[in-house]
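Residues per chain, in single letters:
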Amino acid sequence: MEKHMWNHKGRSLMCRFCNVVYSCQGNLTRHIRVVHEKKLDYVCKLCDKKFSQSNNLKLHMITHTDMKFECDVCKRLFKNPRSLRNHKQEHLPLEQQNKQSDHVQKQAAKRSSIKWKQCQKRTCICQICGKVSNYSTLHESHMRSHTGEKPFKCNECDKSFRERSSLRSHMLVHTGAKPYVCSNCGAAFRQGAHLRRHMRSHTGEKPYKCKVCEKSFTERSILTTHLRVHTGEQPFHCQICPKKFHNPRVLRRHYPKVHFKHLNIHTQRDIQQQLAAMQIEREFSTEENN
């Protein structure tokens, strides 16, 4: 009743960041959290995707199930009730569709009003690289890439991170928790991104396509390496001879095959230790010659 009475009293709650006004405290709080603070407090436990509102998370969770929502008119299936609701507008009489269209246009006009634009104009510009951020929180996060500041520290070890989300992911290393579990084979992962990449081994999905030869790949990094075949780029240099490679794995195989034949060296760690020892030996020889 109290919330309803606000409709009669008129709008009187103004956002402290912009001129948008609300009649309900809950709506104002949600507006500040979503628009200005850009908070994403609702996290999917299966794929690590984040949302600003709990109802959006609930709709998203349906995509991880086999649940389908069927149109009672044409029997078409949809992944969530919102998509079904939008689809069912197509079956309404033309007059009702026009009314719905008018309502949508009014809502769009409201969002693009002067008050909404004033809300969006609160921008921050980086004085170092010129990057524009719409919100102060995003600007502060960006500035850490220049200052090197890492305010989020791990209580278990000496590591620090620029983002709170990076610290949360790191803490799983200490706890041993792997909350992201494959529903097909039971494999567990610390990060949602790792689970999503693993799922492609079951689905066969290859979303990263080469625009030159149309080959497809399961990971962006593999596509990046593949593109060097077309560009001729060879950014990986051997530290002993002038040879260059387009793929770091080929460079790693190059060392034990060509330079360390007489040594039992195969792992990347052994290779790095041997290269470091050779570098120290070269510096020592240079000092003696001088």
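Worth saying up front: this structure is predicted, and the values here are computed from it rather than measured.

### A short note on the overall build of the protein
When you go through the protein residue by residue, the secondary structure sums to 12 helices and 16 strands. Every one of the 290 residues in the protein was classed for burial, and the buried ones make up 24%. Restricting to contacts in the protein with at least 6 residues of sequence separation, those with at least 24 account for 12%. Here the protein displays about 21300 Å² of accessible surface, and carbon together with sulfur accounts for 50% of that area.

### Structural notes on the nonpolar core
Formed by C238, C241, F245, L251, Y255, F260, I265, I271 and L275, the largest nonpolar core amounts to nine residues. Every element with two or more residues in this core is listed here: helix 11 (248–259) and helix 12 (268–289). Apart from residues no more than four positions distant in its own chain, Y255 is found in contact with H237, C238, Q239, I240, F260, I271 and L275.

### Focus on a positive patch on the surface
On the surface, a cluster of positive charge is made up of K243, R249, R252, R253, K257 and K261. Positionally, K243 belongs in the loop between strand 15 (236–237) and strand 16 (244–245).

### A short note on the UniProt feature "domain: C2H2-type" (unreviewed entry) in the protein
Per the UniProt entry, the sites bearing "domain: C2H2-type" (unreviewed entry) are residues 13–41, 42–69, 69–96, 124–151, 152–179, 180–207, 208–235 and 236–259 in this numbering. Here residues 124–151 runs as 43% helix and 14% strand, with 21 Å between its end C-alpha atoms. Secondary structure within residues 152–179 divides into 43% helix and 14% strand; the distance between the first and last C-alpha atoms comes to 22 Å.

### Digging into the pattern of salt bridges
Within the structure shown, the criterion is met by two salt bridges. For E233, the salt bridge identified is with R228, shortest N-O distance 3.9 Å.

### Overview of helix 9 (residues 192–203)
Along its 12 residues, helix 9 runs 16 Å from first to last C-alpha, staying within 8% of the 16 Å computed at 1.5 Å per residue. Taken residue by residue, helix 9 has G192, L195, H198 and R200 as its buried positions. Tucked into the core, helix 9 has its buried residues touching strand 11 (180–181), strand 12 (188–189) and strand 13 (208–209). Among the residues trailing helix 9, G204 stands out with phi positive, at a value near 75 degrees.

### A look at the environment of K206
Secondary-structure assignment places K206 in the loop between helix 9 and strand 13. Separated by 14 residues in the primary sequence, K206 and R220 place their C-alpha atoms 9.6 Å from one another. Apart from residues lying up to four places away in sequence, K206 is in contact with S216, F217 and T218.

### Topic: the packing of aromatic side chains
Across all of its chains, the model carries one aromatic pair by this definition. With a centroid separation of 6.0 Å and 15 degrees between ring planes, the pair formed by Y255 and F260 is classed as stacked. Just as Y255 is buried, F260 falls in that class too.

### Quick notes on unusual backbone geometry
Its identity is not glycine, yet E214 carries a phi of approximately 70 degrees, on the positive side. In this fold, E214 is placed in the loop between strand 13 and strand 14 (216–217).

Definitions and cut-offs
- Residues numbered from 1 in each chain as written.
- Predicted model: local features only at pLDDT ≥ 70, side-chain atom pairs only at ≥ 80, totals over all residues.
- Heavy atoms only, no water.
- Helix = DSSP H or I, 4+ residues; strand = E, 2+ residues; numbered from the N terminus.
- Buried < 20%, exposed > 50% of the residue type's maximum accessible area, 1.4 Å probe, protein only.
- Contact = heavy atoms within 4.5 Å.
- Areas by Shrake-Rupley, 256 points an atom, 1.4 Å probe, with all protein chains shown as cover.
- Core = buried A, V, L, I, M, F, W, Y, C linked by side-chain atoms within 4.5 Å.
- Patch = residues over 30% accessible without salt bridge, like charges linked within 9 Å, V, L, I, M, F, W, Y side chains within 5 Å.
- Salt bridge = Lys/Arg side-chain N within 4 Å of Asp/Glu carboxyl O.
- Lys, Arg positive; Asp, Glu negative; His and termini not counted.
- Charge placed at Lys NZ, Arg CZ, Asp CG, Glu CD.
- UniProt positions renumbered as here; feature names shortened; annotations may be inferred.
- Expected span 1.5 Å × (residues − 1).
- Phe/Tyr/Trp six-rings, centres within 6.5 Å; stacked < 30°, edge-to-face > 60°.

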